[in-house]
Structure formats: structure tokens, C-alpha cells
Amino acid sequence: MKLEQISTHIWSLKTWFLFPMRVWLVKDEEGITLVDAGMPFMARSIHRAIDQLNAGSLQRILLTHGHSDHVGSVHKLHSAYNVPIYAHELEIPYMEGRMIYPRRRKIEQNVRQGLATALPMTETGKLQSIAGLQPYLTPGHSPGHTVYMHETDGVLLAGDLFTSKRGRLKRPMSAFTANMKEAVASGSIITQLQPKHLEVCHGAPVAHPASQWESYYTESRHD
């Protein structure tokens, strides 16, 4: 697996499993926050990467959503570090196997019940910032899909909100997307946040993605 620093506070850890896969390590004054947990075989590499950064221990895991390729190592990492695991409250019943993901044929219990906690909210009902990362609900790929904006670094960790090809935004994988129309609409978050750098799980980074929004939206509506 390849560890690459993408901004002052954020590192990408990349591997291949039929297609590219990325998780992210985010440094703050407390230690390391992991965003997404990939496949089970990635646990050892994530552990090594945390040690390599020498920036403190793992403090928490934030999930963009609960599909198996994003939560695969959470049980091993939780056993090793005993840290909290957060996901949007709308996502938790699906990934725990209490509800079936839309367009799926059967229940998926990807995370054991009670392991994940709902992302905390402020008194005004807004998702609370954690370790310099501001969460935003972006449903469509899954019911509780969430992206994380590192406002200081100008980096958006977008999970499966998009894929990419040769630096261009592409739709999320249709075979695994619950509601493509909703997913495309959720992508407009980039026009609000104006990130300098966009990271996706399955694809290469995209610079200044908001500049591509109009063409992406037009193409996606007609695909």
C-alpha cells in the first residue's frame, strides 16, 4: 500500500482490489483520525501507517458510509486501539444489518451492532466538527453517505460521492449506488464548499472540482 501526504494534515493510503481504493489519515493535536477503513486486509497497513507518521495514536474512525469496502478493517482496528467509530445516524441501521440497503437483495451486517456511534450534532442540529473535519450528509450512494471537509487544508474527503478518471469527476459506481439521481444532486456540495482538492475512494484526486460541476451535472443527467 502507498502512503502519500496530500496536505498539511492529511495522508492518503492507497491500494488496489479490482479497482483503486483509498482511506485517509488525518493529523491533529490529539493524534490520528482515520476516515474509512477499507477492506479487512488493509488493517495491518493502516496500523503501520499510523506508526510511520509518528503523530500520536489512532483516536477515532469516521466512516463515509457502511459498504463492506469502507468498513472492512473496523473490527480489527477497534480491537487494537479501542477507539470510537462514527457514521451518520441514517447509515447505521443499514450497515448493522437491521435494514436492507436500497437496491440490494439481502441484508448486510458489515459492522456488528452497537460498535458505531452516530456523528455528534450541535445544539442547532448541525453535524459537529471532529478533528478539524466538518461532516456533511450527502445521500444517494447510500442513505447516510457523508463527506468530510478539512477546512484548514481545503481538502474534501468524499468517499463514494464521486469516482474520477484522468482528473475528471465521474458518477459513483451505478451497481452499488442506491439512488443515482440523489447521489448526483448531493454532488453539488462542492459548489458550496469550494475545496481546493477532492479525494475519492475509487479514483485519483481532483483539483478544484467545483470548476467541473456544470459539465459533470449535465453529463450525469444524460448518462
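Residue indices follow the written sequence of each chain, beginning from 1 at its first position. The predicted origin of the model limits local features to residues at a pLDDT of at least 70 and limits the giving and counting of side-chain atom pairs to 80 or more, whereas totals for whole chains, interfaces and linings rest on all residues. Working from all heavy atoms in the structure, the side-chain values ignore hydrogens and water.

Let's talk about a positive patch on the surface
Patch membership is restricted to residues that have no salt bridge and whose relative accessible area is over 30%. Joining uses 9 Å for like charges and 5 Å for the nonpolar side chains Val, Leu, Ile, Met, Phe, Trp and Tyr. All accessible-area figures derive from a Shrake-Rupley calculation using a 1.4 Å probe, and residue coverage is judged against the displayed protein chains alone. We count a salt bridge whenever a side-chain nitrogen from Lys or Arg sits within 4 Å of a carboxyl oxygen from Asp or Glu. His is not counted, nor are the chain ends, whereas Lys and Arg count as positive and Asp and Glu as negative. In plain terms, the charge of a residue is placed at NZ if it is Lys, CZ if Arg, CG if Asp and CD if Glu. A surface patch of like charges, here positive, comprises Lys 165, Arg 166, Arg 168 and Lys 170. The buried label goes to any residue with under 20% of its type's maximum accessible area, the exposed label to any with over 50%, and the partly exposed label to all in between, with areas taken from a 1.4 Å probe on protein chains only. Owing to a relative accessible area of 40%, Arg 168 belongs among the partly exposed residues under this scheme.

Topic: the side chain of His 70
The way it works is that DSSP assigns letters per residue, a run of H or I at least four long becomes a helix, a run of E at least two long becomes a strand, and they are numbered from the N terminus. Counting through the fold element by element, His 70 comes out in helix α2 (residues 68–71). Classification of His 70 as buried rests on a relative accessible area of 0%. Polar side-chain contacts of His 70 include one of 2.8 Å to the side chain of Asp 36. Residues count as neighbours in contact if any of their non-hydrogen atoms are within 4.5 Å of one another. Once residues lying within four places of it in the same chain are set aside, the contact partners of His 70 are Asp 36, Ala 37, Gly 38, Leu 63, Thr 64, His 65, Asp 160, Cys 201 and His 202. Whenever a nitrogen or oxygen atom comes within 3.5 Å of another N or O atom, the pair is scored as a polar contact, on the condition that within protein one atom can donate a hydrogen and the other can accept it, and that pairs from neighbouring residues in sequence are kept only if both atoms are in side chains.

Points about the sheet that holds strand β10 (residues 155–157)
The strand order across the open sheet formed by five strands is β8-β9-β10-β13-β14, and the pairing between neighbours is mixed. One side of each edge strand has no neighbouring strand; the edge strands of this open sheet are β8 (133–137) and β14 (206–207). At least two DSSP bridges between two strands are required for those strands to pair. The sheet contact formed by strand β13 (residues 197–199) and β14 spans two bridges and is antiparallel. Paired with His 197 across the bridge in β14 is Ala 207.

Thoughts on the pattern of salt bridges
When charged atoms on two side chains of opposite charge get close, those side chains can pair. Here the structure, examined in full by the defined rule, presents three salt bridges. Between Glu 30 and Arg 60 there is a salt bridge, and its shortest N-O distance comes to 2.7 Å. Of this pair, Glu 30 sits in the loop between β3 (19–27) and β4 (32–35) while Arg 60 sits in strand β5 (residues 58–62); the two residues are 30 residues apart in sequence, bridging distant segments of the chain. For the salt bridge of Glu 96 with Arg 98, the shortest nitrogen-to-oxygen distance reads 2.9 Å.

A look at helix α1 (residues 43–53)
For α1, every residue scored as buried is listed here: Ala 43, Ser 45, Ile 46, Ala 49, Ile 50 and Leu 53. Buried residues in α1, looked at end-on, bunch into an arc of 165°, giving them a common side. Across from the buried face of α1, at angles greater than 90 degrees, the exposed residues are Arg 44, Asp 51 and Gln 52. Positive backbone phi, approximately 50°, marks Asn 54, located one or two places after α1. Here the arc refers to the directions that run from the helix axis out to each C-beta atom.

Quick word on helix α3 (residues 74–81)
Listed as buried for α3 are Val 74, Leu 77, His 78 and Tyr 81. Each buried residue of α3 lies within a common arc of 100° when the element is viewed along its axis, so the set occupies one face. Residues of α3 that are exposed and point more than 90 degrees away from the buried face comprise Lys 76 and Ser 79. Of the surrounding secondary structure, the elements contacted by the buried residues of α3 are β4, α1, β5, α2 and β6 (85–87). Directly beyond the C-terminal end of α3, a positive phi value near 50° is found at Asn 82.

Here we look at the pairing of strand β2 (residues 10–17)
Pairing geometry for strand β1 (residues 2–5) and β2, over four bridges, is antiparallel. Across the sheet, residue Glu 4 finds its bridge partner in β2, namely Ser 12. Between β1 and β2, which follow one another and run antiparallel, lie four residues. As paired elements, β2 and β3 share eight bridges and run antiparallel to each other. Across the sheet, Ser 12 pairs through a bridge with Trp 24, a residue of β3. Hairpin connection of β2 to β3: one residue between the antiparallel strands, including Leu 18 at a positive phi of 75°.

What to know about the layout of surface pockets
Put simply, the grid is 1 Å and covers the protein atoms alone, a cavity is a trapped set of points that fit a 1.4 Å probe, a pocket is an open set with protein on both sides within 12 Å along at least five of seven lines, and lining residues have an atom within 4 Å of a point. Grid points are joined across faces, edges and corners, and a volume is the space filled by probe spheres set on the points. Of the pockets and cavities examined, the largest pocket occupies roughly 220 Å³. In terms of lining residues, the largest pocket is bounded by 14 residues, among which Phe 19, His 67, Ser 68, Asp 69 and Phe 176 are the most central. If you list the elements that add at least two residues to the lining of the largest pocket, you get β3 and α2. Note that Gly is not counted as nonpolar here; it falls among the polar residues with everything else outside the nonpolar set of Ala, Val, Leu, Ile, Met, Phe, Trp, Tyr, Cys and Pro and the charged set of Asp, Glu, Lys and Arg. Residue composition of the lining of the largest pocket, by class: six nonpolar, four polar and four charged.

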